[in-house]
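The chain contents come next:
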Amino acid sequence: CTVIFIRLATRDLHKPISILFCNLAVSDLFTSFSGFWISMLFITNPDITIFGSKDMLAPYALYTTSILSTIYNLVSIGIERYLAVAESMRTRFRVARNHSIAVVFINWVLAFFLGCLPLMGWHCLHAERSISVLYSPFCVNYLIFIAIPNVVVAFIVPLFTYLRIIIILRKRKLRMQACGQATGTYKSAETQVARTSISIWLLALVSYAPFFAGVIFDATNQRCHIELYPGVYVFRNCTAMLITITCLGNPVLYTLRLRTLGAKLKALRCLPANRVRACAL
């Protein structure tokens, strides 16, 4: 809420990256709200969060939607940062405000569609054989369909984009060194982007890997709910806590030094392209 308020109060939403940051905060807000909803259901009626009930479909669907939206926003931010850095090298494409708005709209449509599939009928309220043990009444095949491709996207795409950013900055630094020019801006930007990208990737890895492991456990498990109580449900609660930590960590990573990082990236884009090309030749 603080991130959203600051973005709206400073009138900084004309920047494409600011739209993505604000939308990421909205996704984290939805994740926190849906997690609180599930926690209240556990306090008032613990059995429905263990054995499953129709009342759990809506909060779990909102929880899934918010997590998917967060993943798509993280991927979009990584791609936007890559395009911003690579803009002056190979491509004339520039990310505009309309592009960010379109990306936000597509992210939410896709997240709502995939997250609300159980509300449309893909659940296991009347099919005990394929019901999930951790997230009843979700079906195991639905969790596999949601978890595997999205977790792969959350790990691979940001890793690729941030590695490409670091490689581009290093190449530019070598070109500037060949021209005998100062490389302090490049070195500082390269170091900060590397630290930020590693933190983002590790946070996503630590947060979503246990959830992915729980889905794999669900798919291979043959025991009933009572046999797994309480240990497996303690593990489920820990995965929820890790996802909540992601909601707290995202604003810190993306807004704490955003102005400094943005200024450095802008300085890199504004360097005379002709001098760099002349040195390359």
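Keep in mind it's a predicted model, so treat the numbers as computed, not measured.

K.L.:
Explain the overall build of the protein chain residue by residue, including any values.
P.N.:
Scanning the protein chain from terminus to terminus reveals 11 helices and 0 strands. The order of α-helices and β-strands along the protein chain, N terminus first, is α-α-α-α-α-α-α-α-α-α-α. For the protein chain, the proportion of its 281 residues judged to be buried stands at 47%. Within the protein chain, residue pairs in contact and separated by at least 24 positions form 77% of the contacts whose partners lie at least 6 positions apart. When the accessible surface of the protein chain is split by element, carbon and sulfur atoms take 68% of a total near 14,900 Å².

K.L.:
Which residues make up the environment of L29, and what values do they have?
P.N.:
Mapped onto the fold, L29 is located in helix α2 (residues 16-44). Judged by relative accessible area, L29 falls into the partly exposed class, the value being 34%. Linking L29 and C247, residues 218 residues apart in sequence, is a C-alpha distance of 7.7 Å. Excluding anything up to four places from it in sequence, L29 contacts C1 and I4.

K.L.:
Tell me about the UniProt feature "transmembrane region" (unreviewed entry) in the protein chain, and name the residues and values.
P.N.:
The UniProt record marks residues 17-40, 60-79, 100-122, 142-167, 198-217 and 233-256 with the feature "transmembrane region" (unreviewed entry), using the residue numbering of this structure. Secondary structure across residues 100-122 divides into 70% helix and 0% strand, with the first and last C-alpha atoms of the span separated by 31 Å. Strand forms 0% of residues 198-217 and helix 100%; the C-alpha atoms that close the span are 28 Å apart.

K.L.:
Explain empty space enclosed by the protein residue by residue, including any values.
P.N.:
A complete count under the given rule lists 4 cavities of 30 Å³ or more for this structure. Here the largest cavity is characterised by a volume of approximately 200 Å³. Looking at the lining of the largest cavity, the elements with two or more residues in it are α4 (57-86), α6 (140-178) and α7 (184-220). Among the residues forming the lining of the largest cavity, the class breakdown is 14 nonpolar, 2 polar and no charged.

K.L.:
How would you explain the confidence of the model for the protein chain if you had to name every residue and give the values?
P.N.:
Residues with a pLDDT of 70 or more make up 74% of the protein chain, whose mean pLDDT is 75. When pLDDT is averaged over each helix and strand of the protein chain, the minimum, 46, is found for helix α11 (residues 273-280) and the maximum, 89, for helix α5 (residues 97-115). Every residue in residues 271-281 scores below 50 in pLDDT, and together they form 8 contacts with partners more than four places removed in sequence or on other chains.

K.L.:
Describe in detail the packing of helix α1 (residues 2-9) against α2, supporting the description with residues and values.
P.N.:
Two elements in contact, α1 and α2, have axes whose closest approach is 8 Å; the angle formed by their N-to-C orientations is 150°. Taken together, the axes of α1 and α2 are roughly antiparallel relative to one another. Relative to α2, α1 is oriented so that their crossing is left-handed. Note on element contacts: α2 touches α1 through S18, F21, C22, A25, V26 and L29, opposite V3, I4 and R7. Across the contact of α1 with α2, the residue classes tally to 7 nonpolar, 1 polar and 1 charged.

K.L.:
Which residues make up a nonpolar patch on the surface, and what values do they have?
P.N.:
On the surface, F36, M40, F42 and I43 cluster together to form a nonpolar patch covering roughly 420 Å² of accessible area. Of note, F42 is situated in helix α2. Judged by its relative accessible area of 38%, F42 falls in the partly exposed class.

K.L.:
Could you give an account of the side chain of T65, with specific residues and numbers?
P.N.:
Looking at where T65 falls in the secondary structure, it is placed in helix α4. For T65, the side chain forms a polar contact with the main-chain oxygen of A61, separated by 2.8 Å. Sequence-distant contacts of T65, that is, excluding residues within four places in its chain, are made with W108, A111, F112, G115 and C116.

K.L.:
Let's hear about the nonpolar core: which residues, and what values?
P.N.:
In terms of nonpolar packing, the biggest core is built from 36 residues, with Y135, F138, Y142 and Y208 touching the most fellow members. Listing elements by their share of this core, those giving two or more residues are α2, α3 (46-51), α4, α5, α6, α7 and α9 (231-255). Residues L20, L24, V104 and W108 belong to the second largest nonpolar core, which totals 16 residues.

K.L.:
Give me the lowdown on the packing of aromatic side chains, citing residues and values where you can.
P.N.:
Following the criterion strictly, the structure yields 9 aromatic pairs and no others. Clustering of aromatic rings is evident, with ring pairs tying together Y60, W122, Y135, F138, Y142, F145 and F211.

K.L.:
Before we move on, can you summarise the environment of Y162 with the specific residues and values?
P.N.:
With respect to the helices and strands, Y162 occurs in helix α6. For the pair formed by Y162 and I198, sequence separation is 36 residues and the distance between their alpha carbons is 8.4 Å.

K.L.:
Break down the packing of α2 against α5 for me, with residues and values.
P.N.:
Two numbers describe how α2 lies on α5: the axes approach to 8 Å, and their chain directions differ by 20°. On the basis of their axis angle, the class for α2 and α5 is roughly parallel. Pair α2 / α5 crosses with right-handed handedness. Judged by residue contacts, P16, I19, L20, N23, V26, S27 and F30 of α2 engage R97, S100, I101, V103, V104 and W108 from α5.

Conventions and cut-offs
Residues numbered from 1 in each chain as written. Predicted model: local features only at pLDDT ≥ 70, side-chain atom pairs only at ≥ 80, totals over all residues. Heavy atoms only, no water. Helix = DSSP H or I, 4+ residues; strand = E, 2+ residues; numbered from the N terminus. Buried < 20%, exposed > 50% of the residue type's maximum accessible area, 1.4 Å probe, protein only. Contact = heavy atoms within 4.5 Å. Areas by Shrake-Rupley, 256 points an atom, 1.4 Å probe, with all protein chains shown as cover. UniProt positions renumbered as here; feature names shortened; annotations may be inferred. 1 Å grid on protein atoms, 1.4 Å probe; cavity = no way out; pocket = protein on both sides within 12 Å on 5 of 7 lines; lining within 4 Å. Points joined across faces, edges and corners; volume = space filled by probe spheres on them. Nonpolar A, V, L, I, M, F, W, Y, C, P; charged D, E, K, R; others polar. pLDDT = per-residue confidence, 0-100. Axes fitted to C-alpha atoms, helices over the stretch in contact; angles between N-to-C directions. Parallel < 35°, antiparallel > 145°, perpendicular 65-115°, else oblique. Left-handed = near helix turned anticlockwise from the far one by under 90°. Patch = residues over 30% accessible without salt bridge, like charges linked within 9 Å, V, L, I, M, F, W, Y side chains within 5 Å. Salt bridge = Lys/Arg side-chain N within 4 Å of Asp/Glu carboxyl O. Polar contact = N/O pair within 3.5 Å; in protein donor to acceptor, adjacent residues only side chain to side chain. Core = buried A, V, L, I, M, F, W, Y, C linked by side-chain atoms within 4.5 Å. Phe/Tyr/Trp six-rings, centres within 6.5 Å; stacked < 30°, edge-to-face > 60°.

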